[in-house]
Amino acid sequence: MISLVDIKNILHDPDPESTEQLAQDASRLTRQYFGRTITLYAPLYLSNFCSSYCTYCGFHSHNRIKRFKLTAEQMRQEMSFLARQGIENVLLLTGESYQATPLDYLKEAATIAKTYFSNISLEVHPMDEKEYQELFQHGVDGITVYQETYDRKRYKEVHVSGKKADYDYRLGTPERAAKGGIRHISLGILLGLADPAEDLHALYQHLHWMEHHYPGVEYSVSFPRLRSIKGTNFAYCDVDDITLVKIICLTRIQFPRVGINLSTRENANLRDHALELGITRISAGSNTSVGGYTVTAAEKQDPQFDIKDRRSVNDIVQLLKQRNFDPVLTDWRGIGNQID
Amino acid sequence: MDTPLEIAGKMFTSRFLLGTGKFKNKTDLAQSIEASKTEIVTVALRRIDLERHDENILEYIPKNVTLLVNTSGARNAKEAVRIARLAKEAGYGNWIKIEVINDSKYLLPDNQETVKATEILAAEGFVVLPYMYPDLYAARALVQAGAATVMPLGSLIGSNRGLRIKEFIQILINEIDLPIVVDAGLGAPSHAAEAMEMGADAVLVNTAVATSGNPALIAQAFAMAVEAGRLAYLSKLPSPKDNADASSPLTGFLYDQSR
């Protein structure tokens, strides 16, 4: 495991040549382990009800936005739209509300999603092992849960109230999901909340621990940067493009087989170049509002964050091909998840 | 003259099997199949979606090539069995390469679960080609379970490191009465030649071809290396010795009775 001091030295090294070397090493490893393939997925927001107050999030409980959750019929409408674009990997998201989007609601969403997509992941409120087991049996293959920051003090400052304020419960979520049988777990830190080197080091330790104890799970990581929401900036310490690139490259070198996601939060130029470095999964055709694809008119939407890359799925597929990548839409086939 | 490679009663001239992952486009894959004259190509069921997408990988695999669907993504025997059955129901034939991997870091196959899956699927009439870690007992169990070949890894999948566990593969070649197909880790044609010289019946390569600058060219090089290695094996290649064995001994005169 790389030490915190070494991570700091790399992130603070101003020499462009060291960055280039890091990128070359990361790129070589990515091509060796993933070839020139990029997996595509799309987010689908089911609900923006939230009972947690996180100072940086557009969906937080104190924010006076219109609250929606999709009905079964609206889910079908949204899912059918995404499926027609060619999407097979879907990430279903909600705010963190145990009341508005309880387990039964999520199970229903997964059951409907199974008729449209081959791979279903959830980014929702943390749950217990038993609940993950039920979701797995209802067709959920992946769970995305970011610790946001591993800095306890900072965590407490930005997660003011609600279940999300419980640091330790959140920290144990990947383990509970793994015990529940989930195949794919995505971890992450929200860059901008705390010291990036310290968060990165803690994330590596967490991932390393998970790999050691739950080797059968496929892991991926994400490095979202704090974004403005309708113009307001929440970043505590800005993470610039050079640092983000170094973080992606260093992660690839430390974890050659782990997937690295990049979302539409990033602008097209950075996304396009990052493809060469270590990114293996990107979102396409993203909309971060509830019902944003078909149900809600664009001007009425309150997005969770502002997106920077507005290209359609087809645009992304064509771009990948132009850049000599094979866009992978189908990377799993539902085999009827069973607990053995 | 060489005899054909026989797997489950089917004859193959080529002893080079090709994997289809990691190619940057389907044209490279098609050209690699053509250039190498491979007759068996493996595809992960998880990457096939005939139902919904226009550009399907199977369109790039000629009809005369045997399709070997693999169970990539299976974490245990039951999942491998379910994937195999889905593949058969979807019309992709009954040749199945079992991959049971429950370790995302090293991607090492789980021999015990592989044996279980082989037993179930062979009994259902599948032609089962199991990917395994070269362990003699596991290989014998696979024979008992009804496998059509045994496919030991040369080194970690995708590592390009060659035959890191050569001695144990040699034991399988010596002791197992099924075709031995060395799979995983072969990073250069010389590695493939080495496996064939040892007496392996065939090799399977994917990463080294798919991630090369010119996949078709290296696929052809691999196929040639496989042929060269096979001919060397058939020629009864003199085995390496630990001590010097001079063709003109220097000390023979000391023991010469006729002097």
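Residues numbered from 1 in each chain as written. Chains lettered and ligands numbered in written order. Predicted model: local features only at pLDDT ≥ 70, side-chain atom pairs only at ≥ 80, totals over all residues. Heavy atoms only, no water.

(A) Representation of the sheet that holds strand β9 (residues 181-183) of chain B within the structure. Residue and element names in this part refer to chain B. A sheet is described by the order of its strands in space; here eight strands give the open sequence β8-β7-β6-β5-β4-β3-β10-β9, paired in parallel fashion. Edge positions in the sheet fall to β8 (151-152) and β9, since each has one partner strand and no second. Bridge analysis of strand β3 (residues 16-19) against strand β10 (residues 202-205) gives three bridges, and the strand direction is parallel. If you follow phenylalanine 16 over to β10, its bridge partner there is valine 203. (Pairing = 2+ DSSP bridges. Helix = DSSP H or I, 4+ residues; strand = E, 2+ residues; numbered from the N terminus.)

(B) View of the state of the cysteines. Residue and element names in this part refer to chain A. Enumeration according to the criterion identifies zero disulfides over all chains in this entry. The thiol of cysteine 54 is unpaired, and the distance to the nearest cysteine sulfur, on cysteine 50, comes to 6.0 Å. A relative accessible area of 5% means that cysteine 54 is categorised as buried. (Disulfide = S-S within 2.5 Å. Buried < 20%, exposed > 50% of the residue type's maximum accessible area, 1.4 Å probe, protein only.)

(C) Layout of helix α3 (residues 111-123) of chain B. Residues and elements named next belong to chain B. For α3, which comprises 13 residues, the first-to-last C-alpha distance of 18 Å matches the rise-based estimate of 18 Å (1.5 Å per residue) to within 8%. Where α3 is concerned, the buried positions are Asn111, Glu113, Thr114, Val115, Ala117, Thr118 and Leu121. Looking at the buried side of α3, the elements it contacts are α2 (77-89), β6 (95-98), β7 (127-132) and α4 (136-145). N-cap assignment for α3: the residue whose side-chain oxygen lies 3.2 Å from the backbone N of glutamine 112 is aspartate 110. Directly after α3, the chain includes glycine 125, whose backbone phi takes a positive value near 95°. (Expected span 1.5 Å × (residues − 1). Contact = heavy atoms within 4.5 Å. Polar contact = N/O pair within 3.5 Å; in protein donor to acceptor, adjacent residues only side chain to side chain.)

(D) Structural detail: the environment of leucine 82 of chain A. Residue and element names in this part refer to chain A. Looking at the secondary structure, you find leucine 82 in helix α3 (residues 72-84). According to the relative accessible area criterion, leucine 82 is buried, its value standing at 0%. The spatial distance from the C-alpha of leucine 82 to the C-alpha of tyrosine 116 is 8.7 Å, given a sequence separation of 34 residues. Ignoring any residue separated from it by four or fewer positions in sequence, one finds leucine 82 in contact with Ala42, Pro43, Leu44, Ile87, Val90, Phe117 and Tyr293.

(E) A look at the interface of chain A and chain B. Each partner contributes residues to the interface: chain A has 41 residues there, and chain B has 37 residues. When the buried surface of chain A facing chain B is broken down by residue, Arg257, Arg333 and Ile335 of chain A rank first, second and third, together holding 23% of it. Seen at the junction of chain A and chain B, the total is three salt bridges. Between aspartate 326 of chain A and lysine 26 of chain B there is a salt bridge, with the nearest N and O atoms lying 3.2 Å from each other. Counting the contacts that link chain A with chain B gives 14 residue pairs in polar contact (both at pLDDT 80 or more). Where the side of chain A that touches chain B is concerned, the elements lending two or more residues are α2 (16-34), α9 (196-213), β8 (218-222) and β11 (326-328) of chain A. (Buried area = accessible area lost by both parts, 1.4 Å probe. Salt bridge = Lys/Arg side-chain N within 4 Å of Asp/Glu carboxyl O.)

(F) The arrangement of the nonpolar core in detail. Formed by 90 residues in total, the largest nonpolar core has its most connected members in Leu44, Met79, Leu92, Phe117, Ile185, Leu200 and Phe223 of chain A. Contact partners of leucine 200 of chain A, with chain neighbours within four places excluded, come to Ile7, Ile189, Phe223, Ile247, Leu250 and Thr251 of chain A. Of all hydrophobic cores here, the second largest spans 63 residues; its members include Ile33, Val100, Ala208 and Val226 of chain B. (Core = buried A, V, L, I, M, F, W, Y, C linked by side-chain atoms within 4.5 Å.)

(G) Just the pairing of strand β3 (residues 89-93) of chain A, in detail. Residue and element names in this part refer to chain A. Of all five residues that make up β3, five are buried, and the element is covered over most of its length. Burial along β3 is two-sided: Asn89, Leu91 and Leu93 and Val90 and Leu92, pointing in opposite directions, are all buried. One ladder, built from four bridges, connects strand β1 (residues 37-45) with β3; its direction is parallel. Its bridge partner lying in β3, alanine 42 is registered against valine 90.

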